Amino acid sequence: MIRKGKITDIPAIMAMIRACAEGMIAKGIYQWNEDYPNSSAFENDLKRNELYVLEINSKINGTIVISTLMDKEYLPIKWLTENENNIYIHRLAVHPKSQSKGYAQHLMNFAEAYTIENNYSSIRLDTFSQNKRNQKFYELRGYKRLGDIYFPMQSEYPFHCYELVL
């Protein structure tokens, strides 16, 4: 079940995020670290009413942020649609013990349905250039890679920006 996140979900979300970060680091993917994502990022998502969680058997197994806020880092990208009426996906995560079961697909299906039902023109997101699995995941869903941005606090490597016009 996907539902809106609550403040009481933050400890479980952060435990899941740490498990995800450890799993990625074990595979040589240094996408998330002790600085990001942090609990204040999820608290801000809650304040904006944009945090959703995937709950299975009363436990948080996934999260996704469905936002209307365009980060300034995205400004240089030549997007397929105008910079208005877009959805931005952030912090998509599924607990390592629940990965490869279709839950990330389920979360993205939810986000894409939300986007269509609310008459947004596209979904935009970024994913780490060193995370080939994520790139394939989005490309197989029809997302188009448009350019690179950098988050120096996270990595020296770029993040690829993608957009799906709906």
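Residues numbered from 1 in each chain as written. Predicted model: local features only at pLDDT ≥ 70, side-chain atom pairs only at ≥ 80, totals over all residues. Heavy atoms only, no water.

S.K.: Give me the overall build of the protein: which residues, what numbers.
M.R.: Of the regular secondary structure elements, the protein holds four helices and seven strands. Computed over its C-alpha atoms, the radius of gyration of the protein comes to 15 Å, within 12% of the 15 Å expected for a compact globule of 166 residues. With the C-alpha coordinates aligned to their principal axes, the bounding extent of the protein is approximately 40 × 35 × 30 Å. For the protein, the residues scored as buried account for 48% of the 166 residues in total. Of the contacts made within the protein by residues no fewer than 6 positions apart, 67% connect residues no fewer than 24 positions apart. For the protein, the exposed surface amounts to about 8900 Å²; the carbon and sulfur share of it is 51%. Taking the average place of the 20 positive charges on the side chains of the protein and the average place of its 19 negative ones, the gap between the two points comes to 6 Å. (Helix = DSSP H or I, 4+ residues; strand = E, 2+ residues; numbered from the N terminus. Rg over C-alpha atoms; globule rule 2.2 N^0.38 Å. Buried < 20%, exposed > 50% of the residue type's maximum accessible area, 1.4 Å probe, protein only. Contact = heavy atoms within 4.5 Å. Areas by Shrake-Rupley, 256 points an atom, 1.4 Å probe, with all protein chains shown as cover. Lys, Arg positive; Asp, Glu negative; His and termini not counted. Charge placed at Lys NZ, Arg CZ, Asp CG, Glu CD.)

S.K.: I'd like a rundown of helix α2 (residues 39-47), residues and numbers included.
M.R.: Listing the buried residues of α2 in full gives A41, F42, D45 and L46. The buried side chains of α2 occupy one side of the element, clustering within an arc of 145° when seen end-on. Buried residues in α2 make contact with α1 (10-26), β2 (51-56), β3 (59-67) and β4 (86-94). After α2 finishes, the residue N49 shows a positive phi value of roughly 65°. (Arc of directions from axis to C-beta.)

S.K.: If you had to explain the pairing of β4 to someone new, which residues and values would you point to?
M.R.: Of all nine residues that make up β4, nine are buried, and the element is covered over most of its length. Both β4 and strand β5 (residues 122-128) contribute to a ladder of four bridges, which runs parallel. Bridging from a neighbouring strand, N86 pairs with S122 of β5. Read from β4 through helix α3 (residues 103-117) to β5, the crossover connection turns out right-handed. (Pairing = 2+ DSSP bridges. Right-handed = clockwise from strand over helix to strand, strands pointing away.)

S.K.: Kindly report on the nonpolar core, identifying the contributing residues and their values.
M.R.: Inside soluble globular proteins, nonpolar side chains tend to come together where they are buried. One finds I13, I17, W32, F42 and I149 to be the most contacted residues of the largest nonpolar core, which totals 26 residues. Sorting the residues of this core by element identifies α1, α2, β2, β3, β4 and β7 (159-165) as the ones contributing at least two each. Looking at which element gives the most residues to this core, the answer is α1, with eight residues. In contact with I17, other than residues within four places in its own chain, are W32, P37, F42, T63 and A93. Counting 19 residues, the second-largest nonpolar core is a separate cluster that includes Y52, L92, F137 and Y143. (Core = buried A, V, L, I, M, F, W, Y, C linked by side-chain atoms within 4.5 Å.)

The analysis is restricted to geometry; functional conclusions fall outside its scope.
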